[in-house]
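# Analysis of the macromolecular model
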Number of protein chains: 2
Amino acid sequence: MKNGVVEQGWEGWGHPKIGWCEGKRIWVGFGMALLVQKYGGSSVANLERIQKVADRVAESRRKGNRLVVVVSAMSGVTDGLLKMARGLHAEPSEREMDLLMATGEQTTTALLAIALQARGVAAVALTGAQAGIVTDGTHTKARIENVTPKAVEAHLRLGRVVIVAGFQGQTMDGQVTTLGRGGSDLTAIALAAVLKAKRCEIYTDVDGVYTADPRTEPKARKIAEISYDEMLELASTGAKVMQARSVEFAKKFGVVFEVRSSFNRARGTMVKTEAKSMERVVVRGVSLEKSQAKVTLAGVADRPGVAAKLFTGIAKAGINVDMIVQNVSLPTGGRNSKAQTDITFTVPREELAKVRKFLEPFRRSGGARQILFREGVAKLSVVGIGMRSHTGVAAQLFQALASARVNIQMISTSEIKITVVVDEDAGPKAVRAAHREFRLGKRG
Amino acid sequence: MKNGVVEQGWEGWGHPKIGWCEGKRIWVGFGMALLVQKYGGSSVANLERIQKVADRVAESRRKGNRLVVVVSAMSGVTDGLLKMARGLHAEPSEREMDLLMATGEQTTTALLAIALQARGVAAVALTGAQAGIVTDGTHTKARIENVTPKAVEAHLRLGRVVIVAGFQGQTMDGQVTTLGRGGSDLTAIALAAVLKAKRCEIYTDVDGVYTADPRTEPKARKIAEISYDEMLELASTGAKVMQARSVEFAKKFGVVFEVRSSFNRARGTMVKTEAKSMERVVVRGVSLEKSQAKVTLAGVADRPGVAAKLFTGIAKAGINVDMIVQNVSLPTGGRNSKAQTDITFTVPREELAKVRKFLEPFRRSGGARQILFREGVAKLSVVGIGMRSHTGVAAQLFQALASARVNIQMISTSEIKITVVVDEDAGPKAVRAAHREFRLGKRG
């Protein structure tokens with residue numbers, strides 16, 4: 001007659017435990033939850049910080065969680081390696097840069113595993129390759145092709161905390177690759193997806209996602225829950241907590257993740273599939289992107305293919321164009337007049353020189369009558385999935401900005417976002433006006 | 001009608017080139033020589049040194065050599081990593097230490113490849129794993145099980161200089177391992193063996209192997225050629241240019257290697273299979289190992305198994321015993337007398353405390369009547385394969401030492417080596433006497 005737990009599944013979180021009681025198989029309950037945690041560079045910046053992270057991981061483990069921990073390079077290490085490489089070659093080869101950079105995360109994994117072992121916690125360190133992160137061969141910004149977490153699962157099964165080097169992977173033929181900006185987040189989200197983790201915790205140096213930048217708006221409040229789409233819009237408009245690609249990946253695979261700080265114990269922001277209840281909030285947050293420039297091409301021929309040609313060229317020149325607005329075409333009325341239009345777009349200010357260099361020949365070859373550049377503008381966005389079911393949000397924003405005497409230079413709207421271009425100087429005032437208007441300072 | 005070189009073999013150096021001339025296959029000649037170079041930690045200590053190594057490699061490449069370059073970690077890096085790990089755990093796990101340490105060499109490979117690319121030299125960096133260094137799973141001192149240099153050969157075929165991370169390998173199941181002390185030399189020798197390289201060049205911070213330590217004997221002279229066996233005896237007796245295991249490996253596979261400096265252009269010492277001509281030199285060199293201690297066990301029972309038990313215990317205690325001398329057994333003559341003997345051995349002085357701790361219980365349990373410890377001794381060895389065919393070398397040495405008033409405390413001889421223990425203070429005088437006696441200051 002056997003009693004007790006004798007079998008358990010290992011696929012993902014909340015795996016069932018099947019036990020024996022008086023000779024019959026019975027349902028015992030859910031097993032330990034699988035969590036994926038990710039600690040960024042500032043969270044593991046030095047030995048002291050690594051000790052703190054080890055304390056935190058050990059605590060979570062003692063609570064009974066099964067854990068996969070993804071780490072970045074200690075902050076400063078990546079820059080140091082980059083500086084050395086640049087000291088040898090102005091444009092070092094991307095393949096060798098990947099091999100070089102990958103050492104940073106590998107170092108952190110080994111140190112964190114050792115720190116955990118010192119706490120009596122069984123832990124094992126794995127490179128991206130060992131963890132089964134398989135990528136394409138696009139060095140320095142590789143894409144994850146698949147994740148084969150056999151080794152991770154085997155170590156978990158043996159009760160070990162598995163420390164994985166973020167930001168890196170390996171091609172099918174054994175080349176070391178890195179995933180580009182935000183790569184460690186992506187490693188964590190991808191592992192959480194394939195391991196069917198209960199949750200992914202992204203530890204960083206901010207508390208979570210706020211209704212506005214607290215440095216601009218003192219009344220800004222931490223958002224408890226946010227949908228992937230809202231997070232994406234906020235990520236792409238200045239609230240740079242996470243790269244859009246990681247959020248997109250999480251959305252695609254339904255990975256629930258929490259953005260929180262490794263420097264305190266406060267709950268962070270949960271990012272998840274939108275729920276009905278979320279729609280009650282019309283605007284989730286306000287973001288402000290400063291240091292933008294506005295480029296206006298006046299007198300562009302209004303015929304099919306002109307805009308396509310223009311922006312294809314701009315993209316090829318490596319210029320990162322954002323908002324594009326084209327006014328309604330007005331014939332000039334002269335004898336030889338043809339339909340003409342004006343096109344305005346924004347770019348980050350530091351790309352303005354590249355834009356000028358590209359557009360001057362375009363103007364000279366008759367592509368536009370005149371080109372106007374304006375620096376010192378900012379983009380303000382309000383984001384919320386509730387907009388879909390609420391009308392008049394745009395009018396409400398414009399009214400609030402008018403009351404605050406903020407002039408709107410450009411407008412662009414999407415299903416869950418309204419963006420306006422304003423004077424950079426007026427940016428903070430505009431943020432506060434929008435924040436107040438949509439009552440973001442009050443608990444939802 | 002085709003002319004020119006169109007086929008060539010790629011196995012090792014001096015591979016044949018087969019050409020076509022007037023429609024017939026013809027013998028064209030030998031192709032470019034394959035060299036394996038190894039640069040140690042002090043040779044790649046910083047960016048400036050890496051630039052110098054890159055210049056040197058680029059020059060060798062331009063002369064037409066095909067090159068595999070094995071590098072160590074930049075000096076100081078390994079110690080830094082070790083210090084961090086020890087800051088987290090007194091005895092960090094060996095598996096994680098290997099993962100940590102392996103980043104050191106990986107960093108150097110990437111930097112050197114980048115420095116070469118900056119010189120217009122096609123180069124590629126490989127980890128030990130990528131270079132096909134397969135080891136057993138003994139972390140921190142793994143043994144090479146085999147080398148599968150497919151990737152190395154493929155890159156060579158494409159005309160690239162192949163930079164390989166020394167000191168490291170990978171087990172069959174993908175664990176990162178390191179090879180222990182002298183591991184980078186071993187990587188270089190192993191690659192030279194499997195690639196059938198023409199020669200392996202070991203670049204270090206000394207010029208080569210000398211007839212004696214130039215700091216002790218100003219008349220010491222660089223040895224142009226030395227046999228593996230002589231090198232082994234010198235390596236194991238204080239001339240610490242290379243670890244014995246690398247020399248043994250080279251001997252086993254007949255790899256000709258040169259020990260030379262990366263800080264100057266002087267030719268170094270060629271280490272190779274012994275040639276008849278080498279036997280003309282009776283003594284190749286003199287070495288002095290300082291900081292030794294002598295331990296005498298008096299009144300040890302002279303029966304089978306006693307020495308075995310004693311030295312098995314000492315080995316288990318991790319004590320590195322070297323010379324062992326046992327005197328002829330003399331019965332003490334008393335009524336209950338049994339045959340007794342005296343055993344003397346040497347240990348490095350820093351191990352004396354461990355030895356005392358181990359031997360005290362041995363004495364108390366009746367293993368020996370008395371134990372004598374003596375610090376401040378040194379081991380002097382003269383080495384040469386010529387000894388095999390020359391008699392009276394030992395007598396000649398003893399006479400020379402006597403003339404110099406150096407007292408001999410212990411003697412031990414092997415086929416190509418004579419070792420004596422002398423007072424540490426008398427060591428330098430003894431080296432000079434032996435060096436003069438065997439005319440080592442003069443060109444062979």
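Criteria and cut-off values
- Residues numbered from 1 in each chain as written.
- Chains lettered and ligands numbered in written order.
- Predicted model: local features only at pLDDT ≥ 70, side-chain atom pairs only at ≥ 80, totals over all residues.
- Helix = DSSP H or I, 4+ residues; strand = E, 2+ residues; numbered from the N terminus.
- Buried ≥ 20, exposed ≤ 12 C-beta atoms within 10 Å, placed from the backbone.
- Contact = placed C-beta atoms within 7 Å.
- Least-squares fit on C-alpha atoms with pLDDT ≥ 70 in both.
- Pairing = 2+ DSSP bridges.
- Axes fitted to C-alpha atoms, helices over the stretch in contact; angles between N-to-C directions.
- Core = buried A, V, L, I, M, F, W, Y, C linked by C-beta atoms within 7 Å.
- Nonpolar A, V, L, I, M, F, W, Y, C, P; charged D, E, K, R; others polar.
- Expected span 1.5 Å × (residues − 1).
- Parallel < 35°, antiparallel > 145°, perpendicular 65-115°, else oblique.
- Left-handed = near helix turned anticlockwise from the far one by under 90°.
- pLDDT = per-residue confidence, 0-100.

## Structural notes on the overall build of chain A
- For chain A, the count of helices and strands is eleven helices and 22 strands.
- The proportion of buried residues among the 444 residues of chain A is 44%.
- Counting only contacts in chain A whose residues sit at least 6 apart along the sequence, the fraction spanning at least 24 positions is 71%.

## Remarks on the relation of the copies chain B and chain A
- Superposing chain B onto chain A takes a rotation of 180° plus a shift of 0.1 Å along the axis, which leaves an RMSD of 0.1 Å. Such a combination of turn and shift is consistent with a two-fold rotation axis. Judged by C-alpha distance, T103(B) is the residue of chain B that lies nearest the rotation axis, at 2.6 Å.

## With respect to the environment of T108(A)
Residues and elements named next belong to chain A.
- Inspection of the secondary structure puts T108 in helix α3 (residues 94–118).
- Owing to 28 C-beta atoms within 10 Å, T108 belongs among the buried residues under this scheme.
- For the pair T108 and N46, spaced 62 residues apart in sequence, the C-alpha separation works out to 9.6 Å.
- Leave out the neighbours within four places in its chain, and T108 touches V44, V71, S72, A73 and M74.

## Things to note about the sheet that holds strand β21 (residues 417–423) of chain B
All names here are of chain B.
- Pairing is antiparallel in the open sheet, where six strands are placed in the order β17-β18-β16-β19-β21-β20. Each edge of the open sheet is held by one strand with a lone partner, namely β17 (324–326) and β20 (410–414). Pairs of neighbouring strands in the sheet enclose a mean axial angle of 30°, with direction left out of account.
- As paired elements, β17 and strand β18 (residues 340–348) share three bridges and run antiparallel to each other. Across the sheet, V325 pairs through a bridge with T344, a residue of β18.
- In the packing of helix α9 (residues 352–364) onto the sheet, the strands contacted are β16 (285–301), β18 and β19 (370–383), and the crossing angle to β19 comes to about 130°.

## With respect to the sheet that holds strand β15 (residues 269–272) of chain B
All names here are of chain B.
- If you trace the eight strands from one edge of the open sheet to the other, you get β6-β9-β5-β4-β12-β14-β15-β13, paired in mixed fashion. The open sheet has two edge strands with one neighbour each: β6 (123–126) and β13 (225–227). Adjacent strand axes in the sheet meet at a mean angle of 20° when their direction is disregarded.
- Sheet analysis places β6 next to strand β9 (residues 161–165), joined by four bridges and oriented parallel. What sits directly across from A125, in β9, is I163.
- Here helix α6 (residues 228–235) sits on the sheet and contacts β13 and β15; the angle it forms with β13, its principal contact strand, is near 85°.

## Description of unusual backbone geometry
Residue and element names in this part refer to chain A.
- Positive phi values are uncommon outside glycine, yet T140 reaches one of about 75°.
- Take T140: it is sitting in the loop between β7 (133–135) and β8 (144–147).
- Positive phi values are uncommon outside glycine, yet S291 reaches one of about 55°.
- Looking at where S291 falls in the secondary structure, it is placed in strand β16 (residues 285–301).

## Overview of the environment of G128(B)
Residues and elements named next belong to chain B.
- Looking at the element boundaries, G128 is found in the loop between β6 and β7 (133–135).
- G128 sits in the buried class, given 31 other C-beta atoms within 10 Å.
- With 13 residues separating them along the chain, G128 and A115 place their C-alpha atoms 20 Å apart.
- G128 has contacts with I133, V164, A165, Q168, G169, Q170 and T187, leaving out every residue within four places of it along the chain.

## Brief notes about the nonpolar core
- Among the nonpolar cores identified, the biggest contains 218 residues, and L112(A), I163(A), L112(B), I163(B) and L191(B) are the most heavily contacted of them.
- Excluding its chain neighbours within four sequence positions, the residues that come into contact with L112(B) are V44(B), I50(B), V53(B), A54(B), V69(B), V71(B) and I163(B).
- Listed in part, the twelve residues of the second largest apolar core include V295(A), I319(A), I343(A) and F345(A).

## Let's talk about the interface of chain B and chain A
- The interface of chain B with chain A comprises 26 residues on the first partner and 26 residues on the second.
- Looking at the side of chain B that touches chain A element by element, the count peaks at 14 residues for helix α3 (residues 94–118) of chain B.
- Class assignment of the residues belonging to the side of chain B that touches chain A gives a composition of 15 nonpolar, ten polar and one charged.

## Structural notes on α3(A)
Residues and elements named next belong to chain A.
- Taking 1.5 Å per residue as the helical rise, α3 with its 25 residues ought to reach 36 Å, and the 37 Å between its terminal C-alpha atoms agrees with that figure.
- The buried fraction of α3 amounts to 23 of the 25 residues, a majority that puts the element mostly inside the structure.
- Backbone geometry just after α3 places G120 at a positive phi near 75°.

## Remarks on the packing of α3(A) against α3(B)
- At a closest axis distance of 8 Å, the pairing of α3(A) and α3(B) adopts a crossing angle of 165°. Judged by the inter-axis angle, α3(A) sits roughly antiparallel to α3(B). In the crossing of α3(A) with α3(B), the sense of the turn from one axis to the other is left-handed. Across from E96(A), L99(A), L100(A), T103(A), Q106(A), T107(A), T109(A), A110(A), L111(A), A113(A) and I114(A) in α3(A), the residues of α3(B) making contact are E96(B), L99(B), L100(B), T103(B), Q106(B), T107(B), T109(B), A110(B), L111(B), A113(B) and I114(B).

## Quick word on the confidence of the model for chain A
All names here are of chain A.
- When pLDDT is averaged along chain A, the result is 89; 90% of the residues meet or exceed 70.
- In the model, residues 1–16 has pLDDT below 50 throughout and makes 38 contacts with residues more than four positions away in sequence or in other chains.
- Predicted confidence is poor over residues 26–30, with pLDDT under 50, and the contacts of this stretch with residues over four places away or in other chains come to eleven contacts.
- The ipTM, which scores confidence in the relative placement of chains, is 0.82 for this predicted complex, and the corresponding pTM is 0.84.

## Notes on the pairing of strand β15 (residues 269–272) of chain A
Residues and elements named next belong to chain A.
- Along β15, the buried face is formed by T269 and V271; none of M270 and K272, which line the opposite face, is buried.
- As paired strands, strand β13 (residues 225–227) and β15 are joined by three bridges and run parallel to one another. Across the sheet, the residue bridging to I226 is V271, located in β15.
- Pairing analysis gives three bridges linking strand β14 (residues 257–261) to β15, with the strands arranged antiparallel. Note on β15: the bridge partner recorded for V259 is T269.

## Quick word on the pairing of strand β12 (residues 199–204) of chain A
Residues and elements named next belong to chain A.
- Counting buried positions along β12 gives five out of six residues, so the element sits mostly inside the fold.
- Looking at chain direction, strand β4 (residues 34–39) and β12 are connected through five bridges and run parallel. Note on β12: the bridge partner recorded for K38 is I202.
- Pairing between β12 and β14: five bridges, direction parallel. Along β14, the bridge assignment pairs C200 with F257.

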